[in-house]
Amino acid sequence: MNEPNLSDWQADVLREVGNIGAGHAAMALSTLLQSEVRMSVTSARICQFDEIPDVIGGAEAVIVAVFLRMSGDLSGNMMFLLSLASAKQLINHLLPGEEAEDFTELEMSALGEVGNILGGSYLNALSLLTSLRLQQSVPAVAIDMAGAVLDIGILMAGEVADSAVLIHTSIWQGTTNIDGHFFLLPDPDSGMPLLQALGNRDE
Amino acid sequence: MEVIRVAIADGAVARASDRLRTTGLGSCVGVVLFESRSGLSGMVHVMLPNAPAAGTDRPTKYADVGVDWLVDQLHKAGAKPSQLRAKIAGGAQMFNTQSTNDVLRVGPRNVDAVLNSLNRLEIPLLAADTGGSVGRTIEFDPETETLWVRTAFKGQYGI
């Protein structure tokens, strides 16, 4: 099995990529919420498939996920993940007056649009940083068990390995009690172009 | 009674007194094979339809070779392959999208690949809860031969 391996330098670069991407996305969310959004330090590491749902509370935790496929010079999967409570808070803020127990079609579409804007900011920052050409797919939204919605994120990695590179940043907004996560999972063949674009010092 | 957890892209065999469980099946498929006489059961949690042409050292990741692997393991544990029967769950498409992105449609392809393997190995399929857009956690009770399916919003039911 051809398991990927990250050197310290590679992990540093990917962490920085995540910091810059998530920083721009957090700024976009700050604008939407009209209040400051904070973010954690980004982690970049190789995760066994099993470990990935654990990052956000385990395979059975119910979450809201917005999925964007990244293509162009780099390919991979971008996910914006929220707890149910956070997603409700976000909707209350964006669509005041909507108080249904379930998520309506309008609300799902609003969540998709938020994911689209935040994912777009993230990838835009990544594109500026690397001078690589990147496109994003239309957003797709799912609300279900974390293990089930994250399947899709690791499929491409699954073709060649039993683990995936996960670039993870948490964000939160205190007064509205919204917290979320950005996952960037580069396809296995995309890790190297990304590192090369940033000047690979390991070679 | 012990509950044996089966991880993604993994598999296990259980004695009559034990249960097999796997959590958060999305596009992945959980395949359970069991033999009534001995009470032996086995489960794989496959994530992709077809193993690479060059072969694999992880058959439990793939629908096509994962079922063969499980039959082999149960055979080694003392079950008769001709007496095995199957129940399966999973293979959902979690994200509804207009895009023609093939990645998002892997669930139904996984189910097809499992069905092909069961067909080829002449293993009767007694129950299936597949497709749709829901995640599933499954647990097999060898005593009643019930496959319990739990979803996030529709509770638990047996098949």
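Here, the structure is the one placed above.
This text gives an overview of the structure that appears in the document. Bear in mind the structure is a predicted one, so any value in this text is a computation, not a measurement.

Conventions used here
The residue numbering used here restarts from 1 in each chain and proceeds along that chain's sequence as written. Just so you know, chain letters begin at A and ligand numbers begin at 1, following the order they were written in. Local features are withheld for residues below a pLDDT of 70 in this predicted model, meaning they are given only at 70 or higher, and side-chain atom pairs are given and counted only at 80 or more; totals for whole chains, interfaces and linings count all residues. Excluding hydrogens and water, the side-chain figures rest on all heavy atoms present in the structure. Residues are said to line a cavity or pocket when one of their atoms sits within 4 Å of a point; the points come from a 1 Å grid over protein atoms alone, cavities being sets where a 1.4 Å probe fits but cannot get out and pockets being open sets with protein on both sides within 12 Å along at least five of seven lines. Grid points are joined across faces, edges and corners, and a volume is the space filled by probe spheres set on the points. Only Asp, Glu, Lys and Arg are considered charged, only Ala, Val, Leu, Ile, Met, Phe, Trp, Tyr, Cys and Pro nonpolar, and every remaining residue, Gly among them, polar. Contacts are assigned to residue pairs with any non-hydrogen atoms lying within 4.5 Å of each other. A quick way to say it: buried area is the sum, across both parts, of accessible area lost when two parts are put together, with a 1.4 Å probe. Each reported salt bridge corresponds to a side-chain nitrogen of Lys or Arg within 4 Å of a carboxyl oxygen of Asp or Glu. Orientation is described by lines fitted to C-alpha atoms, with helices fitted over the stretch in contact, and by angles between N-to-C directions that extend from 0 to 180 degrees. Secondary structure follows DSSP: runs of H or I at least 4 residues long count as helices, runs of E at least 2 residues long count as strands, and numbering of each begins at the N terminus. Roughly parallel here means an angle under 35 degrees, roughly antiparallel means over 145, roughly perpendicular means 65 to 115, and every remaining angle is called oblique. Here a Phe, Tyr or Trp ring, Trp counted by its six-membered ring, pairs with any other such ring whose centre lies within 6.5 Å, and the pair is stacked when the planes are under 30 degrees apart, edge-to-face when over 60, and tilted otherwise. Burial classification: accessible surface area is computed with a 1.4 Å probe over protein chains only, and a residue below 20% of its type maximum counts as buried, one above 50% as exposed, and the rest as partly exposed. Only when the NZ atom of a Lys or the CZ atom of an Arg is both within 6 Å of the ring centre and within 35 degrees of the ring normal do we say a charge sits over the ring.

A few words now on empty space enclosed by the protein. Over the atoms, a rolled probe matching the size of one water molecule traces out where space is still vacant. All names here are of chain A. Summed over the entire model, instances satisfying the criterion amount to 2 cavities of 30 Å³ or more. Its volume calculated, the second largest cavity comes out at about 30 Å³. Asn-77, Gly-153, Met-156, Ala-157, Ala-164, Val-165, Leu-185, Pro-186 and Asp-187 together form the lining of the second largest cavity. Looking at the lining of the second largest cavity, its residues break down into 6 nonpolar, 2 polar and 1 charged.

Attention now goes to the interface of chain A and chain B. In this complex, chain A contributes 29 residues to the contact, which on the side of chain B involves 33 residues. A combined buried area of about 2500 Å² lies between chain A and chain B, and 65% of that area is made up of carbon and sulfur atoms. Contact with chain B buries surface across chain A, with Glu60(A), Met145(A) and Leu155(A) losing the most and accounting together for 21% of the total. Between chain A and chain B we count 4 salt bridges in total.

Moving on to the packing of helix 3 (residues 84-94) of chain A against helix 4 (residues 105-130) of chain A. Residue and element names in this part refer to chain A. The geometry of helix 3 relative to helix 4 is characterised by a closest axis approach of 10 Å and an angle of 95° between their N-to-C directions. With respect to each other, helix 3 and helix 4 are oriented roughly perpendicular. Two secondary-structure elements touch here, helix 3 through Ala-87, Lys-88, Leu-90, Ile-91 and Leu-94 and helix 4 through Glu-107, Leu-111 and Val-114. Broken down by class, the residue content of the contact of helix 3 with helix 4 amounts to 6 nonpolar, no polar and 2 charged.

All names here are of chain A. Scanning the model with the defined rule gives 4 aromatic pairs over all chains in all. Plain terms: the ring middles of Phe-80 and Phe-182 are 5.1 Å apart, the flat faces sit at 25° to each other, and that makes the pair stacked. Linking Phe-80 in strand 4 (residues 76-83) with Phe-182 in strand 8 (residues 178-186), this pair joins segments that are 102 residues apart in sequence. What makes Phe-80 buried here is its relative accessible area of 3%. By relative accessible area, which is 0% here, Phe-182 ends up buried. Note on Tyr-122 and Phe-182: the rings are 5.8 Å apart at their centroids and 50° apart in plane angle, and the pair reads as tilted. Taken together, the residues span a long stretch of sequence, with Tyr-122 in helix 4 and Phe-182 in strand 8 at a distance of 60 residues. For Tyr-122, a relative accessible area of 0% translates into the label buried. An aromatic cluster of three or more residues is present, and its members are Phe-80, Tyr-122 and Phe-182. The ring centre of Phe-103 lies 4.4 Å from the NZ or CZ of Lys-88, which sits over that ring.

Moving on to the pattern of salt bridges. Scanning all chains against the criterion turns up 19 salt bridges over all chains. Ionic contacts of the salt-bridge type, sharing partners, join the residues Glu60(A), Arg19(B), Arg21(B), Glu139(B), Asp141(B) and Arg150(B) into one network.

Bringing the layout of surface pockets into the picture now. Residues and elements named next belong to chain A. In this structure, the largest pocket spans a volume of roughly 820 Å³. Taken together, 28 residues make up the lining of the largest pocket; nearest its centre are Phe-103, Met-108, Val-141, Ala-142 and Ile-143. Where the lining of the largest pocket is concerned, the elements lending two or more residues are helix 3, helix 4 and strand 6 (140-145). Of the residues in the lining of the largest pocket, the class split is 14 nonpolar, 7 polar and 7 charged.

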